[in-house]
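If you want the building blocks of each chain, they are given just below.
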Amino acid sequence: MSAFVACKGQTACRDDGQTCLTCGRSLAEIETARRLIDELAELALARDYANVDEFAAYVAAKVVKKVKHRRAA
């Protein structure tokens, strides 16, 4: 099992065409995460949520719960 390493920002990114040399994640993984985050942001904007922090906390908690559940299965 690998540990997640957060992006240090696009200005810190250096890659070899397949992997970010700064965080060690694959460019495909980074693109997938960016796409999913963009979709969640679009949902919050479309619903005009005033409490975006609460929405983000809800999503984060649900992801943790789902991963733990699937690992236990």
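It should be noted that the structure appears before, not after, this text.
A short tour of the structure in this document, coming up. (Residues numbered from 1 in each chain as written. Predicted model: local features only at pLDDT ≥ 70, side-chain atom pairs only at ≥ 80, totals over all residues. Heavy atoms only, no water.)

**As for the overall build of the chain**
So, step 1. Of the regular secondary structure elements, the chain holds 2 helices and 0 strands.
So, step 2. Within the chain, buried positions represent 10% of all 73 residues.
So, step 3. Put simply, of all contacts in the chain between residues at least 6 apart along the chain, 9% involve residues at least 24 apart.
So, step 4. Put simply, the chain shows about 6,300 Å² of open surface, and 56% of that area lies on carbon and sulfur atoms.
So, step 5. Counting 12 positive and 10 negative side-chain charges, the chain places the centres of these two groups 10 Å from one another. (Helix = DSSP H or I, 4+ residues; strand = E, 2+ residues; numbered from the N terminus. Buried < 20%, exposed > 50% of the residue type's maximum accessible area, 1.4 Å probe, protein only. Contact = heavy atoms within 4.5 Å. Areas by Shrake-Rupley, 256 points an atom, 1.4 Å probe, with all protein chains shown as cover. Lys, Arg positive; Asp, Glu negative; His and termini not counted. Charge placed at Lys NZ, Arg CZ, Asp CG, Glu CD.)

**What about the packing of aromatic side chains?**
So, step 1. Here the structure, examined in full by the defined rule, presents 1 aromatic pair.
So, step 2. Where Tyr49 meets Phe55, the ring centres are 5.1 Å apart and the plane angle is 45°; that geometry is what we call tilted.
So, step 3. For Phe55, a relative accessible area of 14% puts it in the buried group. (Phe/Tyr/Trp six-rings, centres within 6.5 Å; stacked < 30°, edge-to-face > 60°.)

**As for the pattern of salt bridges**
So, step 1. Using the criterion set out here, one finds 1 salt bridge in the structure.
So, step 2. Arg35 serves as the salt-bridge partner of Glu39, at 3.2 Å between the closest nitrogen and oxygen. Highlighted residues: Glu39 and Arg35, both in helix α1 (residues 27-46), separated by 4 residues, approximately one helical turn.
So, step 3. Among the residues examined, Arg35 registers a relative accessible area of 41% and is labelled partly exposed. (Salt bridge = Lys/Arg side-chain N within 4 Å of Asp/Glu carboxyl O.)

**Considerations on a nonpolar patch on the surface**
So, step 1. Taken together, the side chains of Leu40, Leu43, Tyr49 and Val52 present a nonpolar region at the surface, about 290 Å² in accessible area.
So, step 2. Looking at the secondary structure, you find Leu43 in helix α1.
So, step 3. Its relative accessible area of 36% is what places Leu43 among the partly exposed residues. (Patch = residues over 30% accessible without salt bridge, like charges linked within 9 Å, V, L, I, M, F, W, Y side chains within 5 Å.)

**Quick word on α1**
So, step 1. For α1, built from 20 residues, the straight-helix expectation of 28 Å at 1.5 Å per residue is met to within 8% by its first-to-last C-alpha distance of 28 Å.
So, step 2. Within two residues after α1, Asp48 carries a phi angle of roughly 55°, on the positive side. (Expected span 1.5 Å × (residues − 1).)

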